[in-house]
Amino acid sequence: MSEPLFTDPADDLPVPMPYAVYTAIRERAGERSAPLVDRLLRSSLALTPAPDDGSGDEPATGPAVGLLGGPAALPADVEWPRHGEHPMQFLAQLDCAGLAEAHRTTGPGGPWPLPADGLLLFFHDDLFSDYAGNGCRVLHVPAGAPPRPEPADRGDFAPLAAVPLRANWALSAPSYQDRELEDLFPDDFMVALDLASDFRDHLPGPDVRVLGWCDTDTGRHEGHRPLLQVEASAAGADWGETVNVSFWITDEDLAAGRFDRVRHGMEVA
């Protein structure tokens, strides 16, 4: 069972947190800097693969929020995204209403920055031919389009099998690689390093996460935050040495509901 969330009105915490995280921040950062660290913590959704495989394993809980893989519910008048001449791989289909419900019902609530309806479709270049981060596309489309298979000219690249997802609220914290945390302690980098270790010890690191902070050692796109992170194992994907892919968005575009400038990230083992 996860640790209950702690809220102290006297501290005016921006988001509730496990008491172990609360105390670790104060022990490492001191009373003066602790509120600055508190304000870095972010809400996110942890997405759990929930295949209906009859295995008898304890089923995932939380609202249903879409799929990893499978055919894309892409409207007929929208072209399949490509990177150069290569059709992109369809990675995820997220139901915006389901995400909003999960945020509202499984956590502390508060504003939710993603659209309230429709689908978010995530495509990426599974050849990983562009290290500048341009090899992806995120589309916000109306729900209800018939599922469309991947284009025939993807050749021998097998589509990902559909894996249902359920979502629950999860607290997310920065790592020592995030400048926002490092810059709070310009005279002692070890404080940021130790805090990052505490966060890893006391907070979950889901295989699929919406929003929050980056969970992996992939490079950070300056001025962006993660929109979606997916481990290859969760998607049943064979990406060679690439073990995680991520999609990145600026705060400005997130607030405006713009997804045409999302960037691509990857972690290589």
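In the block above lies the structure referred to throughout.
Since this is a predicted model, take the numbers as computed values, not measurements. (Residues numbered from 1 in each chain as written. Predicted model: local features only at pLDDT ≥ 70, side-chain atom pairs only at ≥ 80, totals over all residues. Heavy atoms only, no water.)

Visitor: In this structure, what is going on with the overall build of the protein chain? I would like to understand it.
Guide: Across its full length, the protein chain carries six helices and 14 strands. Taken against the 2.2 N^0.38 rule, which gives 18 Å for 269 residues, the C-alpha radius of gyration of the protein chain at 19 Å falls within 12% of a compact globule. The principal-axis extents of the C-alpha atoms in the protein chain amount to approximately 60 × 40 × 35 Å. Contacts in the protein chain between residues at least 24 apart in sequence constitute 67% of all its contacts with a sequence separation of at least 6. Per element, the accessible surface of the protein chain, about 13,100 Å² overall, is 50% carbon and sulfur. Measuring between centres, the 19 positive side-chain charges of the protein chain sit 5 Å from its 44 negative side-chain charges. (Helix = DSSP H or I, 4+ residues; strand = E, 2+ residues; numbered from the N terminus. Rg over C-alpha atoms; globule rule 2.2 N^0.38 Å. Contact = heavy atoms within 4.5 Å. Areas by Shrake-Rupley, 256 points an atom, 1.4 Å probe, with all protein chains shown as cover. Lys, Arg positive; Asp, Glu negative; His and termini not counted. Charge placed at Lys NZ, Arg CZ, Asp CG, Glu CD.)

Visitor: What is the right way to read the packing of aromatic side chains from this model?
Guide: Each aromatic ring pair is summarised here by two numbers: the centre-to-centre distance and the angle between the ring planes. One pass over the structure, following the stated rule, counts seven aromatic pairs. Aromatic pair Trp80 and Phe123: ring centres 5.2 Å apart, planes at 80 degrees, arrangement edge-to-face. One end of the pair, Trp80, is in the loop between strand E4 (64-68) and strand E5 (82-83); the other, Phe123, is in strand E8 (residues 119-124), with 43 residues separating them in the sequence. There is no split in this pair, since Trp80 and Phe123 are both buried. (Phe/Tyr/Trp six-rings, centres within 6.5 Å; stacked < 30°, edge-to-face > 60°. Buried < 20%, exposed > 50% of the residue type's maximum accessible area, 1.4 Å probe, protein only.)

Visitor: Help me understand the packing of helix H1 (residues 19-38) against helix H4 (residues 189-202) in this model?
Guide: The relative placement of two packed helices is expressed as an angle between their axes plus a distance between the axes. Packing of H1 against H4 leaves a shortest axis separation of 9 Å and a crossing angle of 145 degrees. When you trace H1 past H4, the crossing you get is left-handed. For the pair H1 and H4, the contacting residues are Ala20, Val21, Ala24, Ile25, Arg28, Ala29 and Val37 in the first and Val191, Asp194, Leu195, Asp198, Phe199 and His202 in the second. Of the residues assigned to the contact of H1 with H4, the class counts are nine nonpolar, one polar and three charged. (Axes fitted to C-alpha atoms, helices over the stretch in contact; angles between N-to-C directions. Left-handed = near helix turned anticlockwise from the far one by under 90°. Nonpolar A, V, L, I, M, F, W, Y, C, P; charged D, E, K, R; others polar.)

Visitor: Help me understand the nonpolar core, please; the structure alone is not making it clear to me.
Guide: Across soluble globular proteins, nonpolar side chains have a tendency to be buried as a group. Residues Leu114 and Phe199 are the most contacted members of the largest nonpolar core, which totals 62 residues. Considering every element that reaches this core, the biggest residue donor is H1, with six residues. The contacts of Phe199, once residues within four sequence positions are left out, are Val21, Ile25, Val37, Leu41, Ala173, Pro174 and Leu181. Core analysis: the next-biggest nonpolar cluster, separate from the first, contains eleven residues, Phe90, Leu119, Leu121 and Leu139 among them. (Core = buried A, V, L, I, M, F, W, Y, C linked by side-chain atoms within 4.5 Å.)

Visitor: What exactly am I supposed to notice about unusual backbone geometry here?
Guide: Trans peptide bonds make up the majority, and among non-glycine residues the majority have a negative phi. Positive phi values are uncommon outside glycine, yet Phe128 reaches one of about 50 degrees. When you line up the elements, Phe128 lands in the loop between E8 and strand E9 (136-141).

Visitor: Before we go on, may I ask you to explain the side chain of Asp130 in this structure?
Guide: Considering the arrangement of structural elements, one finds Asp130 in the loop between E8 and E9. Notably, Asp130 is buried but unbridged: the nearest opposite-charge side chain belongs to Arg263, and the N-O separation is 6.8 Å. A distance of 3.3 Å separates the side chain of Asp130 from the side chain of Asn134, its partner in a polar contact. The contacts of Asp130, once residues within four sequence positions are left out, are His83, Asp125, Gly135 and Met266. (Salt bridge = Lys/Arg side-chain N within 4 Å of Asp/Glu carboxyl O. Polar contact = N/O pair within 3.5 Å; in protein donor to acceptor, adjacent residues only side chain to side chain.)

Visitor: For this particular structure, what's the right way to read helix H2 (residues 96-106)?
Guide: Since the α-helix advances by 3.6 residues per turn, residues separated by three or four positions end up pointing in the same direction. Burial in H2 covers these residues: Cys96, Gly98, Leu99, Ala100, Ala102 and His103. Considering only its buried residues, H2 is in contact with strand E3 (42-49), E4, strand E7 (89-95), E8, E9 and strand E10 (163-172).

Visitor: Where do I start with the environment of Thr250 in this structure?
Guide: Here Thr250 is to be found in strand E13 (residues 242-250). Those residues in contact with Thr250, other than ones at most four positions away along the chain, are Gly223 and His224.

Visitor: It is not clear to me how the sheet that holds E8 should be interpreted in this structure. Could you clarify?
Guide: The strands that make up a sheet are held in pairs by hydrogen bonds between backbone atoms, and each pair lies either parallel or antiparallel. A sheet is described by the order of its strands in space; here ten strands give the open sequence E9-E8-E7-E4-E10-E3-E11-E12-E13-E14, paired in antiparallel fashion. The open sheet has two edge strands, E9 and strand E14 (263-268), and neither has a second partner. Taken over all neighbouring pairs, the strand axes of this sheet differ in orientation by 25 degrees on average, direction set aside. Direction of pairing for E8 relative to E9: antiparallel, over a ladder of six bridges. (Pairing = 2+ DSSP bridges.)

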